[in-house]
Amino acid sequence: MPKKIRDKVKDLLNSKEENASVIVKGWVRTKRDSKGGFSFLEINDGSCLAGFQVVADHTLPSYQAVASQLHTGSCVAVTGKLVASQGKGQQWEVHSSEIELYGSADAEKYPLQKKRHSFEFLREIAHLRPRTNTLGAVMRVRNRLSHSIHNFFQDRGFLYLNTPVITASDCEGAGEMFQVTTLDMDRLPLNNGKTDYSQDFFGKRTGLTVSGQLEGEIYAMALSDVYTFGPTFRAENSNTSRHLAEFWMVEPEMAFYDLDDDMDLAEQFLKFLMKDVMENCQQDMEFFNQRIDKTILQTLTDIVECEFERIHYSDAIHLLEKSGESFVYSVEWGCNLQSEHERYLSEKVFKKPVIIYNYPEEIKPFYMKLNEDKETVRAMDVLLPKLGEIIGGSQREDDLDKLTARMKEKEMDPEEYWWYLDLRRYGSAPHSGFGLGFERLVQFVTGMENIRDVIPFPRTPKHAEF
Ligand code: 4AD
Ligand code: MG
């Protein structure tokens, strides 16, 4: 099987074998012609940030055969000898003896030219943008993060659980579900003037999941510690740099954990992931530190070493009220914290991650455990500087009567959630969990400004191309 540039570089560093013959396959990033009858080709195959410099002698017959088609974007296989490079920027280069062209790319039409393109423009060519340095680095870091998410939980004995994508239950109760139907939208079957969902595919109204939590709880109440990691869909019309309509969420759910345990796990989890990515994606992380956010490595290092601040919602409100800042959204006890409030607390007051807990009952979903004060619930949000909320979690209500009462208050039909209530009817137990927005994590770790640039194919209002 063909070896990729990443592995060749590793081999080289180990062997330092000059004049070894190599074959390098990849896409031409740049081509520079020298007066001395040579071309310098920068070849990249995406396996790592660095490419290989290939020196091609214009007198080579195989070079002459393809010379007119060798441009940025074309794909080649180069056979040659490895030589210590005289030039700056690379240790080794390949002096080619043969060049084979796999696929040419029209120099006039290829959209990815050598110059820097804006991220907005790159989103319009989402099929080609992974060939850029930045998107390539993002995707390698994203891959590493998903790998280490599994490592973190697997090492702690958590079971990986696949929860359904199509569901009838709106976990967050925020009315943001995309509907899934096979009914003919132009001729809906009616019953008393309303759509008759009994004729729909599943015989009832269904949608795409907004969270795998409720199903996660079912398995935690049998297998103790589980986690889901899957796609999540929210039809919220927020055109911000932190919202997607389709994103990936990691949701651990743990039997016998209280809210403190939940916060401990969330803190350990974030630190583990940040440390791991710095250790295992060094080259890409250096790149982000140089090109995207010059403080990112220091920020991550500080977070790994610090102790997260933990404060009550009421104390957070108090701090915001006496801050003297002029926020766009005013602050009073009972309000939802906006991103500007979250950032003020984590960036200006504490200058590190903050976990806010014990939120007002009224602004949080039905499933969170009511505190003795009956006004607050055992909810917690983890806020990061610059980003705001990255994790939301809670201890779950395990008392059948209290849960049923809260559902009714929120105008939910307990009968529709009979199976969820059964978990409280039969062997109920304290349990907790949280959800981490995977793209927000990738965004934070890479320092990227916009969440649309850390997922291969972003889905946002009016955008579902590719
Ligand atoms: O705070 P949320 O809504 O929590 C839940 O869904 C719980 N059921 C999780 C649980 O306890 N198992 O969402 C969790 C996280 C947020 O903190 C945020 O990072 C991310 O999911 N998130 C989004 N990420 C991108 N785009 C969106 N539209 C997001 N909405 C939430
Ligand atoms: Mg939340």
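Scroll up to find the structure.
Residues numbered from 1 in each chain as written. Chains lettered and ligands numbered in written order. Predicted model: local features only at pLDDT ≥ 70, side-chain atom pairs only at ≥ 80, totals over all residues. Heavy atoms only, no water.

Draft legend 1. Representation of the overall build of the protein chain within the structure. The secondary structure content of the protein chain amounts to 13 helices and 18 strands. Intrachain contacts of the protein chain at a sequence separation of at least 6 include 67% that bridge at least 24 residues. Across the protein chain, the 56 positively charged side chains and the 73 negatively charged ones have centroids separated by 7 Å. (Helix = DSSP H or I, 4+ residues; strand = E, 2+ residues; numbered from the N terminus. Contact = heavy atoms within 4.5 Å. Lys, Arg positive; Asp, Glu negative; His and termini not counted. Charge placed at Lys NZ, Arg CZ, Asp CG, Glu CD.)

Draft legend 2. Expanded view of the sheet that holds strand E14 (residues 309-312). Strand order in the open sheet formed by eight strands is E6-E12-E13-E18-E17-E16-E15-E14, and the pairing between neighbours is mixed. Of all strands in the sheet, those bounded by a partner on one side alone are strand E6 (159-160) and E14. The pairing of strand E17 (residues 388-395) with strand E18 (residues 431-437) spans five bridges and is classified as antiparallel. Opposite Gly-393, over in E18, you have Phe-434 as the bridge partner. (Pairing = 2+ DSSP bridges.)

Draft legend 3. Region of the structure containing the pattern of salt bridges. Inspection of every chain in the model, using the stated rule, returns 26 salt bridges. For Arg-396, the salt bridge goes to Glu-217, with nearest N and O atoms at 4.0 Å. Residue Arg-396 is found in the loop between E17 and helix H11 (400-409), and its partner Glu-217 is found in helix H5 (residues 213-223); the two are separated by 179 residues along the sequence. Where Lys-352 meets Glu-309, a salt bridge forms, and the shortest distance between an N and an O atom there is 3.8 Å. In this pair, Lys-352 sits in the loop between helix H10 (339-349) and strand E15 (354-360) while Glu-309 sits in strand E14, placing the two residues 43 residues apart along the sequence. In the salt-bridge network here, residues are joined through shared partners; they are Glu-217, Glu-253, Arg-396 and Arg-424. (Salt bridge = Lys/Arg side-chain N within 4 Å of Asp/Glu carboxyl O.)

Draft legend 4. Quick peek at the side chain of Thr-228. Among the structural elements, Thr-228 can be located in strand E12 (residues 225-233). What makes Thr-228 buried here is its relative accessible area of 4%. Apart from the residues lying within four places of it in its own chain, the contact partners of Thr-228 are Leu-161, Thr-163, Gly-212, Met-249, Val-250 and Glu-251. (Buried < 20%, exposed > 50% of the residue type's maximum accessible area, 1.4 Å probe, protein only.)

Draft legend 5. Broad picture of the site of ligand 1. Near ligand 1 lie 25 residues; those nearest to it are Glu-172, Gln-213, Glu-236, Glu-251 and Glu-389. For ligand 1, a nitrogen atom lies 2.7 Å from a polar atom in the side chain of Glu-236. In this structure, an oxygen atom belonging to ligand 1 sits 2.8 Å away from a main-chain N or O atom of Ile-390. Protein contacts shield 93% of the accessible area of ligand 1, which totals 630 Å² for the unbound molecule. Looking at the shell around ligand 1 element by element, the count peaks at five residues for E17. (Near = heavy atom within 4 Å. Polar contact = N/O pair within 3.5 Å; in protein donor to acceptor, adjacent residues only side chain to side chain. Areas by Shrake-Rupley, 256 points an atom, 1.4 Å probe, with all protein chains shown as cover.)

Draft legend 6. Layout of the nonpolar core. By size, the foremost hydrophobic cluster in this structure holds 57 residues, and its most contacted members are Met-380 and Leu-441. Ranked by the residues each element gives to this core, the list is headed by helix H6 (residues 259-280), at ten residues. If we ignore the near neighbours within four places in the chain, the residues touching Leu-441 are Leu-145, Ile-149, Leu-270, Leu-273, Ile-390 and Leu-436. (Core = buried A, V, L, I, M, F, W, Y, C linked by side-chain atoms within 4.5 Å.)

Draft legend 7. Main features of a nonpolar patch on the surface. Taken together, Val-165, Ile-166, Phe-201 and Phe-202 make up a surface patch of nonpolar side chains, about 380 Å² in accessible area. Examined against the element boundaries, Ile-166 turns out to sit in strand E7 (residues 166-167). Assessed through its relative accessible area of 37%, Ile-166 is described here as partly exposed. (Patch = residues over 30% accessible without salt bridge, like charges linked within 9 Å, V, L, I, M, F, W, Y side chains within 5 Å.)

Draft legend 8. Looking closely at the sheet that holds strand E5 (residues 92-103). Taken together, five strands build a closed barrel; the order of strands is E1-E2-E3-E5-E4 and the barrel is mixed. Across the sheet, the mean angle separating the axes of adjacent strands is 55° when strand polarity is ignored. Where strand E1 (residues 21-33) lies against strand E4 (residues 75-84), seven bridges are found, and the strand directions are antiparallel. Paired with Trp-27 across the strands is Cys-75, a residue of E4. (Axes fitted to C-alpha atoms, helices over the stretch in contact; angles between N-to-C directions.)

Draft legend 9. Broad picture of a negative patch on the surface. A cluster of acidic residues, Glu-362, Asp-373, Glu-375 and Glu-409, forms a negative patch on the protein surface. Looking at the element boundaries, Asp-373 is found in the loop between E15 and strand E16 (376-384).

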